[in-house]
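Letter by letter, the chains look like this.
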Amino acid sequence: YLLILALSSPKIARLAIATQLIFLILFWFTPRLHKEDWRSLVGELSLKPDTTVAMPSRAQIAPLRYYEFERNVIEPSREAIIGGEVYYVKYVEDLFDPQRLGQENFAKSGYTNTRQVVYPGIQVDIYEKN
């Protein structure tokens, strides 16, 4: 549409380009507008080295690795849950654990969902041992 506006009038074209640039800058510098905020999640997890991190599938840990998250990630639907506090990153849970076996395993292992933290595009349930 910018090309069509540029052909109509240089004044309108400059206005359209300036408006486009303003909206792009607002998007780039406003994290809540981004799809998923993995950086903030990894930043918080790095401050808590004694916590266990769980995801519905280890196939989805690429964003954690991108931000240099080095700890092991467990898959609660297939593995035993070890540790005191567990951060369960529910990213794409509907795809990899539609029967919610991971959440059942938390309950069977004596864990309770104590609170929930939401980052843009990512929900994290925090479980603690009873």
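Check the entry above for the structure.
Conventions we followed
- Residues numbered from 1 in each chain as written.
- Predicted model: local features only at pLDDT ≥ 70, side-chain atom pairs only at ≥ 80, totals over all residues.
- Heavy atoms only, no water.
- Pairing = 2+ DSSP bridges.
- Helix = DSSP H or I, 4+ residues; strand = E, 2+ residues; numbered from the N terminus.
- Phe/Tyr/Trp six-rings, centres within 6.5 Å; stacked < 30°, edge-to-face > 60°.
- Buried < 20%, exposed > 50% of the residue type's maximum accessible area, 1.4 Å probe, protein only.

Caption draft 1: Seen up close, the pairing of strand 5 (residues 122–129). Pairing analysis gives five bridges linking strand 3 (residues 85–89) to strand 5, with the strands arranged antiparallel. Across the sheet, V89 pairs through a bridge with V124, a residue of strand 5. Of the strand pairs in this sheet, strand 4 (residues 111–119) and strand 5 are connected by eight bridges, and their pairing is antiparallel. Among the inter-strand pairings, Y119 is bridged to a residue of strand 5, identified as I122.

Caption draft 2: Representation of the packing of aromatic side chains within the structure. Inspection of every chain in the model, using the stated rule, returns six aromatic pairs. Seen in terms of ring centroids, Y88 and F106 are 5.3 Å apart; in terms of plane orientation they differ by 65°. Their pairing is edge-to-face. Here Y88 is found in strand 3, whereas its partner F106 is found in helix 6 (residues 101–108), with 18 residues between them in sequence. Neither Y88 nor F106 differs from the other in exposure class; each is buried.

Caption draft 3: Representation of the pairing of strand 3 within the structure. Extensive coverage of strand 3 is indicated by the burial of five of its five residues. Going residue by residue along strand 3, you find E85, Y87 and V89 tucked away on one face and V86 and Y88 tucked away on the opposite face as well.

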